[in-house]
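As a plain string of letters, each chain reads:
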Amino acid sequence: MGDLFSRFHVKNRIYDRWVQKADGEEEVTDDMFVFAGNDMAEAEHTGYSGYSYWKSTFRMFFSNKVSVGILVFLLLLLAFTFLQPLLPDQKSPTEIFINPQTGTQYRNVRPNGEFWFGTNAIGQDLWSRIWYGTRISLFIGLCSAAFSAFVGIVLGCIWGYARKWDKLFTEIYNVFDNIPYTILRMLLIYILRPSLFTMIFVMCLTGWVGMAKYIRNLILIYRDREFNLASKCLGSSAGKIIVKNILPQLVSAIMLDTALAIPGAVGSEVFLTYIGLGLPVSMPSLGTLINEGRAVMLVAGQRYQLYFPVIVVSAITVSFYALGNAFADASDPRNHR
Amino acid sequence: MGMLKYSIGRLLRALVTMAAVLSAVFLLMRLLPVEGYFGDRSDAMNEKVKEQVLKSLGLLDPWYKQLGNFWKDLLHGDMGKSIVYRKGVSVVKIIVPKAKVSLKFGFAAIMIEKLAGIPMGVLMARYKGKFFDRFGNLYILLINALPAAVYYLLIQLGGFGLFGVSMLYRPGQIGTMILPVISLSLGGIASTAMWMRRYMVDQMNMDYIRLARAKGMTGSQVAFRHMLRNAFIPMAQSLPASILFTISGSLYIESLYSIPGMGGLLVTAIKRQDNTLVQALVLLFSVLSIVGMLLGDILMMLLDPRITLGDRKGEGR
């Protein structure tokens, strides 16, 4: 529902997606019912399938043409985003261009050969602003996703595995989780003043909470399974059990959560910019561009200023989302045949 | 009896959590830079006047004393008066009319969300892997992946451009409510449908469903008489909370359509450092979330006789 509480949807969503497996059923064919006979030699044979987790994961992933297509598209987009300033004839994203004949700014110039995506209301080049904004937004997204994944996994593992700490962690979580994130983020941005660091900091500060809780729940599921008991009896340390036995089971879930954190952070950035707590004016982000576009959206001839950033944002978020889902499916051992 | 005991224990724990949350937000508010307290006239004030203003607001006391005063007033039922936003007006008087507007929109949106999302999820599960399922999954993917701001804007633009619907909300004109309510419900439709589909698919291979099929019930009969009722139970848990949460409004939609709701209030209150208003809002939201969760648990228990809340074991909540 309201923006303040949208995180509830997100949490459920990741969990749902992860549990949603077991859809596919193996087809039952007649030759499964042929009498196999009794072969003593065969009975002695202890086969090893040569199963490799990562090999199966990648084979599964690359067998899906759509996800490979999205991956290629995303890689190209990323490469272009970061290479764009090195290309020849690129304009500065913050320079205001003046028409030499009239001496006035190039205001709201529609896309043409000179300004490929047109200019905005004060005469800045939209093409270079969009790629600059994409860089900034992706940087925020990648940083906060990586941090959330790291801290979330580490704390989630401790929380889930150490029984002693569970009560304490749970109480801390309850308090933390009950402060609406929007309030927390806003207050912190005011206290720390808007900047790129602040933006990444506030995203990181709240991002790991959901991840930690989620990892903790999954660890609880696997902690006392028989194979871990066996491992413990054979003398494995807690660290080894977590890293070698439990974490591989959670790869798909972690990948999905991390992949979704990137569009999530891009979306949050758009929202924070909208309420006036975005990055400084000298640092146009995708959120800034969408808000600038929104300001002129009533004039039909200037809607290009809204459409271009919207298309880029949508392409990025949808690709990351779809890719995260595809990779989560591929890395779930239950889908490996 | 077990339920009563459970509810009381639950409420007590919730009160402790709430106190911690409120104190945390209170202290964070005190860390904010002080310029916000002087409003628009800060240029015209000299240091002495500024100090006077801060003193009259009780902001120069040490923080523990401020916190103590805050709790004392609160326990006397005094939520305080707005100090900047609408000076001297009781915060309750500011919040209530706005909450009503937000609730109206939110309730309509939740109705649409459930009425469209539940059948959509059921049908997606019925035709798993077929066209409708794929179409539904594509919708869910798009809604989840796109930043809400993007499709809100496109809906507003599209509704205005294609159907000539007014871009702004006008009280009393039902037609102007259509676009905001649709925008509000899209995300909920997606998550409801996804939940419903998943649950139905999980249930499909259960023994009682096989029995029902073996008795000769048709697929639709099984889906709607047996599976839907079971699938509705986990949804019932979140229903009261989501209805109550609508009071908090949606900042983006309310400002896009200039709806006089709660959405922007919190942001404005924080921006202008109206401490009492922020505290009242945070208190309100915590209460809503706690009451919503409790009502959800109780509702779930009423719907499903197998669930008893009193003797639940396990960690955390």
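Structure first, text after, so check above.
Let us look at the structure shown here. Sequence order sets the numbering: in each chain, residues are counted from 1 along the sequence as written. To label them, take the chains in the order written and letter them from A, then take the ligands in the order written and number them from 1. Per-residue local features are limited, in this predicted model, to residues with pLDDT of at least 70; the limit for side-chain atom pairs, both in listing and counting, is 80 or more; totals at the level of whole chains, interfaces and linings are taken over all residues. Values shown for side chains rest on all heavy atoms present in the structure; no hydrogens or waters enter the calculation.

**Details of the pattern of salt bridges**
One side-chain nitrogen of Lys or Arg within 4 Å of one carboxyl oxygen of Asp or Glu is enough to make a salt bridge. Taken as a whole and assessed by the stated rule, the structure comprises 5 salt bridges over all chains. For the salt bridge of A:Arg163 with A:Asp224, the shortest nitrogen-to-oxygen distance reads 3.1 Å. Here A:Arg163 is found in helix α6 (residues 163–178), whereas its partner A:Asp224 is found in the loop between α8 (196–223) and α9 (226–233), with 61 residues between them in sequence. Note on classification: 1.4 Å probe, protein chains only; a residue is buried when its accessible area is under 20% of the maximum for its type, exposed when over 50%, partly exposed between these limits. Overall, the relative accessible area of 48% leaves A:Asp224 in the partly exposed class. The partner of B:Asp133 in a salt bridge is B:Arg197, and the shortest N-O contact between them spans 2.9 Å. Starting at the N terminus, helices and strands are each numbered in turn, a helix being any DSSP run of H or I of at least four residues and a strand any DSSP run of E of at least two.

**Here we look at the interface of chain B and chain A**
Each partner contributes residues to the interface: chain B has 59 residues there, and chain A has 55 residues. Here's the idea: put two parts together, see how much 1.4 Å probe accessible area each one loses, and the total over both is what we call buried area. Summed over both sides, the interface of chain B with chain A buries roughly 5100 Å², with 70% coming from carbon and sulfur. Connecting chain B to chain A are 0 salt bridges. Within 3.5 Å is the distance limit for a polar contact, defined as a pair of N or O atoms, with the added protein rule that one can donate a hydrogen and the other accept it, and that residues adjacent in sequence qualify only through two side-chain atoms. Here chain B is connected to chain A by 3 residue pairs in polar contact (both at pLDDT 80 or more). When residues in the side of chain B that touches chain A are grouped by element, the largest group, 9 residues, is from helix α1 (residues 2–31) of chain B. Residues are grouped as follows: Ala, Val, Leu, Ile, Met, Phe, Trp, Tyr, Cys and Pro are nonpolar; Asp, Glu, Lys and Arg are charged; every other residue, Gly included, is polar. Of the residues belonging to the side of chain B that touches chain A, the class tally is 36 nonpolar, 14 polar and 9 charged. Contact definition: two residues touch when any of their heavy atoms are within 4.5 Å.

**Overview of the packing of helix α11 (residues 286–295) of chain A against helix α12 (residues 304–331) of chain A**
Residue and element names in this part refer to chain A. It is the contact of α11 with α12, at a shortest axis distance of 8 Å, that shows an interaxial angle of 145°. Note on packing geometry: the crossing formed by α11 with α12 is left-handed. Contacts between α11 and α12 involve Leu-286, Leu-289, Ile-290, Gly-293 and Arg-294 from the first element and Gln-305, Leu-306, Pro-309, Val-310, Val-312, Val-313 and Ile-316 from the second. Split by residue class, the contact of α11 with α12 holds 9 nonpolar, 2 polar and 1 charged. Here the axes come from fitting lines to C-alpha atoms, over the contacting stretch only for helices, and the angles between their N-to-C directions go from 0 to 180 degrees. In a left-handed crossing the near helix is turned counterclockwise from the far helix by less than a right angle, and in a right-handed crossing that turn is clockwise.

**Quick look at a nonpolar patch on the surface**
Each patch is assembled from residues with relative accessible area greater than 30% and no salt bridge, linking like charges that lie within 9 Å and nonpolar side chains (Val, Leu, Ile, Met, Phe, Trp, Tyr) that lie within 5 Å. Only the protein chains shown count as cover for residues, and all accessible areas are computed by the Shrake-Rupley method using a 1.4 Å probe. A cluster of nonpolar residues, A:Phe150, A:Val154, A:Ile158, A:Trp165, A:Leu168 and A:Ile172, forms a patch on the protein surface that exposes about 590 Å² of accessible area. Elements supplying a minimum of two residues to the nonpolar patch: α5 (126–161) and α6 of chain A.

**Details of the packing of α8(A) against helix α10 (residues 238–274) of chain A**
All names here are of chain A. It is at 10 Å that the axes of α8 and α10 come closest, and there the two elements cross at 155°. On the basis of the axis angle, α8 is roughly antiparallel to α10. The hand of the α8/α10 crossing is right-handed. Within the contact between the two elements, α8 uses Met-199, Met-203, Met-211, Tyr-214, Ile-215, Leu-218, Ile-219, Tyr-222 and Arg-223 and α10 uses Ile-246, Gln-249, Leu-250, Ala-253, Ile-254, Asp-257, Thr-258, Ala-265, Ser-268, Glu-269 and Leu-272. For the contact of α8 with α10, a count of residues per class yields 14 nonpolar, 3 polar and 3 charged. The labels follow the angle: roughly parallel below 35 degrees, roughly antiparallel above 145, roughly perpendicular from 65 to 115, and oblique for the rest.

**Notes on the side chain of A:Thr198**
Residues and elements named next belong to chain A. Positionally, Thr-198 belongs in helix α8. Separated by 2.8 Å, the side chain of Thr-198 and the backbone oxygen of Arg-193 make a polar contact. For Thr-198, the residues in contact, after removing those within four places along its chain, are Leu-188, Ile-189, Leu-192 and Arg-193.

Note that every value here comes from positions in space, so none of it alone points to a role or purpose.
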